[in-house]
Amino acid sequence: MNEIKTPRGGSNYQWVGKNTPRPDGVDKVTGRARYGDDMIVPGMLHGKILRSPHAHAKILSIDTSKAEALDGVKAVVTSADIPDHPMAQPPYPPIVNDFHDISRNVMAREKVLYDGHAVAAVAAISEEIARDAIKLIKVEYKVLQHILDPREAAQPDAVVLHEDLFTYGVEPKPTKPSNIFRVMHGERGDLNAGFAEADLVIEREFSSQPVHQGYIEPMACIATTSEDGAVELWTSTQGHFVQRTLLSKLLNMEMAKIRVTASEIGGGFGGKTTVYAEPLAIRLSQKTGRPVRMTMTRSEVFRATGPTVGSKTRIKVGMKKDGTITAGEAEIWYQAGAFKGSPIGRAVDTFFSPYTVANCKAAAYDVCVNRPKVAAYRAPGATMACYPMESVVNELAKELGLDPVEVRLKNAVKEGDESLMGTKHGRIGLVEVLEAVKEHPHYKAPLGDNEGRGFAVGYWLHGGGLSSAAVNLMDDGTLGVATGNPDIGGSRSSMRAMAAEELGVNVELLKPIIADTGSLGFSYLTAGSRTTYATGMAVVNATREVIDKLRALAAKKWDIPVEDVRWDAGQAIATDNYKDIKPLSLKELAGMATSMGGPVAGHSEINASGQGATFCAQLVDVEIDPDTGFTSTKRHTVFQDAGRAISPDYVEGQMQGGAVQGIGWALNEEYIYDDEARLQNTGFLDYRMPVASDVPMIDTVIIEVPNPNHPYGVRGVGEPPLVSAPAAVANAVENAIGQTMSDLPLSPPKILAALHAQAAGDD
Amino acid sequence: MTDRHAGSGLESRGTKTLQDMNYEAPTSVEAAVAALAAADDEAHIFAGGTDLLVQLREEMIRPSLFVDIKRIIETRTITVDDTHVRIGAAVTGAELSEHDAAKALLPGVVEAVELIGSAQVQGRATVGGNLCNASPAADSVPALIAAGAFAQIAGPNGLRVVAVEDLLAGPSRTNLSGNEFVVSLDIPKPTTRSADAYLRFIPRTEMDIAVVGAGAAVTLDADGTCTAARLALGAVAPTARLVPAAATAMIGKKIDDTVLASVAAAARDACNPIDDKRGTVAFRIHVAGVLAIRAVKIAIERAEAK
Ligand SMILES: Cc1cc2nc3c(=O)[nH]c(=O)nc-3n(C[C@H](O)[C@H](O)[C@H](O)COP(=O)(O)OP(=O)(O)OC[C@H]3O[C@@H](n4cnc5c(N)ncnc54)[C@H](O)[C@@H]3O)c2cc1C
């Protein structure tokens with residue numbers, strides 16, 4: 001299915017770049033895989049959370065006595081059971097983990113700040129009793145005015161969520177509390193001069209709605225406490241080590257006393273990067289001395305966990321007749337939700353960074369509103385900034401009679417260029433991606449009636465950071481490959497492929513697992529498209545340590561210097577000086593290891609750097625039903641620089657998945673609130689993500705411009721395909737109906753209204 | 001820790017205990033009526049359960065009794081005689097779509113039922129359940145109304161017959177008394193050059209609930225003049241409704257674009273929708289007209305092909 005373009009020559013690898021069956025695949029399709037909710041522990045209790053029916057209210061009192069008195073109820077917790085923490089102080093890191101906020105998000109303290117905000121939790125001997133019990137908890141509220149729109153919430157007279165929040169990063173220092181937590185800026189060149197140089201300047205406003213990650217598995221966890229106060233937690237998460245850090249700080253517990261095991265995970269897309277019910281399950285378990293399981297319903301997931309931000313944008317871009325982008329200016333307001341911390345830095349970096357715009361300026365505002373605190377979603381913060389910029393670049397190209405791909409090629413960043421936030425690019429593949437678009441038959445394919453074609457390109461700087469891995473050789477010559485990163489997109493397969501490639505043995509000899517927090521060094525989240533890059537490096541290091549030990553073992557056996565032993569194709573081989581020494585295979589060496597010095601294992605703990613930018617472009621054809629405004633996606637091709645596709649099938653899967661999520665984001669997905677800011681669509685029936693029949697087969701073109709900083713040239717691939725997808729789909733809609741559309745989602749009522757307005761204008 | 005797959009499967013998963021809820025599965029209409037008569041207000045007829053079990057889980061209902069009607073032969077059969085097609089109330093979507101005669105005679109009703117849910121839901125969801133759940137957006141209902149269906153209702157005083165459009169009282173409400181249930185749906189057998197059709201609008205392609213639904217049935221004479229017609233709409237008012245003005249616009253005429261424009265106008269006039277999570281008032285009214293025209297056109301094509 002996938003087409004792979006490797007401009008810098010192919011590879012002779014045996015496992016890297018080949019599709020090998022996914023080690024977790026069969027268990028998943030047969031239902032055997034164990035997800036968060038699949039664990040049962042003898043004596044366990046069932047936890048349930050009482051949630052606020054109000055979007056913004058003061059909590060006057062909570063009376064849990066009736067619930068506690070109910071037969072079968074073993075414990076009740078409220079914010080009194082969760083430690084409070086002081087507010088984080090500047091200077092703030094790019095991602096603020098403020099335990100003052102986390103404590104209040106997992107359990108409302110002075111106020112409830114969104115519909116679904118947790119106010120109390122119960123553990124009982126059955127789910128039914130727990131459900132009945134939470135209804136017996138009496139909460140007195142004083143309902144306050146709520147606010148949802150980020151731009152309105154940013155106004156000086158807006159109702160304020162946090163009386164103790166003062167905008168950071170503005171001069172003079174504010175004396176009045178505000179919903180704006182901070183403003184981030186990026187600037188270079190001379191904006192006025194840049195706009196003066198342009199032959200055409202377009203300024204537009206855009207908006208996008210918060211969207212849900214759409215993982216299939218709701219959050220679920222089970223916590224147990226032992227006599228010494230140590231806690232074991234089994235949970236569906238994208239990062240159990242990060243969970244341990246958060247829980248230890250939040251609950252004032254020693255890290256070593258929290259052991260977290262990541263269950264098999266049914267999707268996360270950024271949504272499972274923080275804690276929700278886990279601290280409550282732990283507290284309930286500590287109070288009762290019994291295991292406590294908490295599984296969220298789908299409706300709880302929608303009401304109370306973080307989706308991505310909604311946004312409002314104002315953007316102005318200038319272009320010369322030859323397509324040179326001379327200047328760009330953008331302002332964006334992000335709906336952080338109840339607590340600060342939306343991904344504004346990524347917005348600033350995303351707007352102009354695919355292009356060598358000499359003069360540009362971007363500002364992003366992190367604004368609190370009465371919605372759940374946002375979480376990450378696949379390329380957090382980038383997609384909503386890519387959409388306005390790409391839309392305006394497309395419009396400029398169209399008005400100036402230029403080809404949209406040529407315009408990008410004219411302005412494309414290359415090695416040595418810098419992003420607006422100051423990332424200096426190494427070897428990157430934007431030009432190669434754009435050339436692949438031009439060569440593809442989709443680009444020039446004819447369109448039918450009511451059809452339109454869209455194009456967009458997106459930039460994403462993937463992650464590196466902390467990762468650990470261990471490779472353990474067993475007596476029989478098989479190996480365990482342990483990492484600390486939950487496998488969401490097929491990483492076990494890729495880890496195994498890289499280790500097998502290093503060792504020169506069959507992948508089937510290696511069993512990849514995800515180790516718990518007690519068994520391995522720290523590993524940051526499976527997020528930021530970092531796992532195959534960073535954890536992959538740790539796996540390669542650990543495997544090389546195994547190889548070095550095996551060479552030493554052979555040297556000892558042969559009684560020759562280790563420098564005279566090389567490793568090739570799964571065996572230790574003495575150099576040509578030793579003609580009569582026969583090579584020793586991995587299996588032979590494994591058999592003799594324990595009696596000749598001890599077990600053989602390698603491990604690696606690293607802070608991976610050298611990650612690079614990934615570019616992804618998309619071509620989309622849509623057809624609009626002019627009578628109903630219904631959009632159907634007819635053809636969709638994704639072009640992405642993967643550096644090196646370790647497992648091409650899963651790279652293709654990432655590209656297709658990102659495209660599908662982008663189609664949903666662009667066309668139908670939105671949270672619908674009533675006048676009281678209560679969520680109306682709390683399930684997938686009315687939260688309209690695409691279903692299989694909504695999308696065409698998504699074609700993929702994998703471009704390989706290897707990243708020289710990774711042993712196999714990997715770039716992160718998970719997030720980039722979502723960055724440009726909504727922009728490309730929206731552009732296709734614009735071209736199909738012949739007018740600009742600026743407010744996502746482009747749902748049928750909006751398209752129909754636009755068509756009717758157009759018809760009225762034509763009369 | 002152990003896990004479910006490793007064998008400690010005896011642990012209760014703690015789902016709702018069914019202790020204070022009874023279940024009966026009578027094998028005759030009379031026994032079902034008697035069971036309902038003996039029960040309190042919280043007794044529910046149980047067909048496929050695809051609405052009921054969702055409502056139970058969401059605690060919208062706290063039933064005292066489920067009367068499962070699937071063992072009553074009359075509710076489970078499809079019969080075709082000289083004048084009528086009779087569809088048992090507990091016939092599932094999957095069964096109906098495999099019934100060749102029903103498909104040939106009532107393509108509109110069958111395509112409406114086939115739109116309900118997915119393959120999995122189709123195996124359980126029934127025609128009677130779709131009707132009696134009384135959702136304004138239920139897919140089969142406009143099609144049944146267009147096809148002129150009557151409900152055969154069993155109760156303490158025997159059977160009564162009510163036109164489908166008269167059975168609906170409002171969102172989630174029917175005119176059935178607590179002791180009654182629908183045994184079957186009787187649809188006049190279409191004559192030659194007579195056919196029906198159903199269309200719905202959803203923003204996706206499946207697994208969604210109608211934002212607008214339109215069922216149409218037309219009868220043409222030899223030269224193409226419309227001699228009988230019915231149009232019904234779903235999701236645009238508290239109940240699915242018949243649009244008599246649309247029929248008036250068609251009957252006695254050859255259905256050309258002018259007639260179709262009047263049909264659309266009549267459809268739009270009949271709308272009394274709400275703004276909700278599924279659609280807006282303006283959108284629903286406009287699309288009701290669009291779907292009315294399209295459904296009528298398909299019905300005509302089918303009638304002409306006969
Ligand atoms: C995933 C999913 C997707 C769905 N998609 C659609 C869709 O696209 N379109 C649509 O219209 N619906 C849809 N539904 C709703 C549902 O499947 C249909 O309404 C279905 O036809 C109900 O039939 P049932 O036999 O399951 O009814 P049940 O759940 O058994 O009963 C529904 C109601 O009708 C009553 N009832 C049932 N039979 C009788 C009878 N003979 N006499 C009197 N009262 C009776 C019951 O007491 C209950 O109140 C969907 C449901 C699910 C879960």
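The structure displayed is predicted, hence computed values, not measured ones. (Residues numbered from 1 in each chain as written. Chains lettered and ligands numbered in written order. Predicted model: local features only at pLDDT ≥ 70, side-chain atom pairs only at ≥ 80, totals over all residues. Heavy atoms only, no water.)

Draft legend 1. A look at the overall build of chain B. Regarding its fold elements, chain B presents 13 helices and 15 strands. A compact globule built from 306 residues should have a C-alpha radius of gyration of about 19 Å, and chain B, at 21 Å, falls within 12% of that. Scored against the burial criterion, the 306 residues of chain B give a buried share of 52%. (Helix = DSSP H or I, 4+ residues; strand = E, 2+ residues; numbered from the N terminus. Rg over C-alpha atoms; globule rule 2.2 N^0.38 Å. Buried < 20%, exposed > 50% of the residue type's maximum accessible area, 1.4 Å probe, protein only.)

Draft legend 2. Region of interest: the domain arrangement of chain A. Residue and element names in this part refer to chain A. Partitioning chain A into domains gives domain 1 (57–144 + 219–295) and domain 2 (465–606). Taken over C-alpha atoms, the centre of domain 1 sits 39 Å from the centre of domain 2. Tallying the contact residues gives 18 residues for domain 1 and 19 residues for domain 2. Both faces combined, the contact of domain 1 with domain 2 buries some 1400 Å², and carbon together with sulfur accounts for 63% of it. Here domain 1 is connected to domain 2 by 2 salt bridges. Between Arg492 and Glu264 there is a salt bridge whose closest N-O contact spans 2.6 Å. The interface formed by domain 1 and domain 2 contains 6 residue pairs in polar contact (both at pLDDT 80 or more). (Domains from an automatic or database assignment. Contact = heavy atoms within 4.5 Å. Buried area = accessible area lost by both parts, 1.4 Å probe. Salt bridge = Lys/Arg side-chain N within 4 Å of Asp/Glu carboxyl O. Polar contact = N/O pair within 3.5 Å; in protein donor to acceptor, adjacent residues only side chain to side chain.)

Draft legend 3. Main features of the packing of aromatic side chains. Residue and element names in this part refer to chain A. Applying the stated criterion to the full structure yields 16 aromatic pairs over all chains. Centre to centre, the rings of Tyr92 and Tyr168 are 4.9 Å apart; their planes meet at 85°, and the pair counts as edge-to-face. Linking Tyr92 in the loop between β5 (73–77) and α3 (99–106) with Tyr168 in the loop between α5 (150–153) and β9 (180–188), this pair joins segments that are 76 residues apart in sequence. Geometrically, the ring pair formed by Phe302 and Phe684 is edge-to-face, given 5.3 Å between the ring centres and 80° between the ring planes. Residue Phe302 is found in helix α9 (residues 298–304), and its partner Phe684 is found in the loop between α18 (648–667) and β28 (698–703); the two are separated by 382 residues along the sequence. When its relative accessible area of 0% is taken as the criterion, Phe302 is described as buried. An aromatic cluster is present here, built from Phe302, Tyr671, Phe684 and Tyr687 joined pairwise through their rings. Directly above the aromatic system of Phe195 lies the positively charged group of Lys316, at a separation of 4.4 Å from the ring centroid. (Phe/Tyr/Trp six-rings, centres within 6.5 Å; stacked < 30°, edge-to-face > 60°. Lys NZ or Arg CZ within 6 Å of the ring centre and 35° of its normal.)

Draft legend 4. Examining the domain arrangement of chain B more closely. Taken domain by domain, chain B comprises domain 1 (19–65), domain 2 (76–188) and domain 3 (194–305). Computed over C-alpha atoms only, the centres of domain 1 of chain B and domain 3 of chain B are separated by 35 Å.

Draft legend 5. Fine view of the interface of chain A and chain B. Contact residues are listed per partner, giving 44 residues for chain A and 32 residues for chain B. Looking at the side of chain A facing chain B, the largest losses of area belong to A:Ile40, A:Glu128 and A:Arg688, adding up to 19% of the total buried there. Across the chain A-chain B interface, the total number found is 16 residue pairs in polar contact (both at pLDDT 80 or more). Take the side of chain A that touches chain B: its biggest share by element is 5 residues, from helix α4 (residues 127–135) of chain A. For the side of chain A that touches chain B, the residue count by class is 17 nonpolar, 11 polar and 16 charged. (Nonpolar A, V, L, I, M, F, W, Y, C, P; charged D, E, K, R; others polar.)

Draft legend 6. Quick peek at the side chain of A:Asn394. Summarising the element assignment, A:Asn394 is placed in helix α11 (residues 383–399). When residues no more than four places from it in sequence are discounted, the contact partners of A:Asn394 are A:Pro404, A:Arg408, A:Phe455 and A:Asn731.

Draft legend 7. The arrangement of the pairing of strand β13 (residues 258–262) of chain A in detail. Residue and element names in this part refer to chain A. Of the two faces of β13, only the one carrying Ile258, Val260 and Ala262 is buried; Arg259 and Thr261 on the other face are not. Here 5 bridges tie strand β12 (residues 231–235) to β13, and the two strands are oriented parallel to one another. Across the sheet, residue Val231 finds its bridge partner in β13, namely Ile258. A crossover connection joins β12 to the parallel β13 through helix α7 (residues 240–250); in handedness this β-α-β unit is right-handed. (Pairing = 2+ DSSP bridges. Right-handed = clockwise from strand over helix to strand, strands pointing away.)

Draft legend 8. Representation of helix α21 (residues 748–762) of chain A within the structure. In this model α21(A) runs 21 Å from its N-terminal to its C-terminal C-alpha over 15 residues, within 8% of the 21 Å that 1.5 Å per residue would give. For α21(A), the complete set of buried residues consists of A:Pro748, A:Ile751, A:Leu752, A:Ala754 and A:Leu755. Across the axial projection of α21(A), the buried residues extend over an arc of 160°, all falling on one side. Pointing more than 90 degrees away from the buried face of α21(A) are the exposed residues A:Ala757, A:Ala760 and A:Gly761. Its buried side turned inward, α21(A) meets β26 (613–624), β27 (631–641) and α20 (725–737) of chain A together with β12 (194–201) and α13 (281–305) of chain B. (Expected span 1.5 Å × (residues − 1). Arc of directions from axis to C-beta.)

Draft legend 9. Inspection of the pairing of strand β7 (residues 118–124) of chain A at higher detail. All names here are of chain A. Counting buried residues in β7 gives 7 out of 7 residues, a clear majority hidden from the surface. Pairing analysis gives 6 bridges linking strand β3 (residues 45–51) to β7, with the strands arranged antiparallel. Bridged to Lys48 within β7 is Val122. Sheet analysis places β5 next to β7, joined by 4 bridges and oriented antiparallel. If you follow Val76 over to β7, its bridge partner there is Val122.

Draft legend 10. Layout of the sheet that holds strand β13 (residues 212–220) of chain B. Residues and elements named next belong to chain B. Here we have 4 strands laid out as an open sheet, ordered β12-β13-β14-β15, and antiparallel in their pairing. At either end of the open sheet lies a strand with only one pairing partner, and these are β12 and β15 (241–242). Bridge count for β12 against β13 is 8 bridges, and the pairing is antiparallel. The residue of β13 that forms the bridge with Arg200 is Gly213.

Draft legend 11. Quick look at the nonpolar core. Residue and element names in this part refer to chain A. With 99 residues, the main nonpolar core has Ile315, Phe351, Phe352, Met389, Phe639 and Val733 as its most contacted residues. Sequence-distant contacts of Val733, that is, excluding residues within four places in its chain, are made with Val622, Ile624, Thr631, Leu667, Met741, Leu746 and Ile751. Leu510, Ala534, Ala538 and Ile646 belong to the second-largest nonpolar core, a separate cluster that totals 47 residues. (Core = buried A, V, L, I, M, F, W, Y, C linked by side-chain atoms within 4.5 Å.)

Draft legend 12. Main features of the environment of A:Ala304. Residues and elements named next belong to chain A. By the secondary structure assignment, Ala304 is in helix α9. Considering only alpha carbons, one finds Ala304 and Asn105, 199 residues apart in sequence, at a separation of 9.3 Å. If near-sequence neighbours (up to four positions away) are discounted, Ala304 is found in contact with Arg51, Tyr114, Gly116, Tyr276 and Pro372.

Draft legend 13. Inspection of unusual backbone geometry at higher detail. Residue and element names in this part refer to chain A. With an omega of -10°, the peptide bond between Glu171 and Pro172 qualifies as cis. For Pro172, the location among the structural elements is in the loop between α5 and β9. The omega torsion of the bond from Leu744 to Pro745 falls at 0°, within 30 degrees of zero and hence cis. Position of Pro745 relative to the elements: it lies in the loop between α20 and α21.

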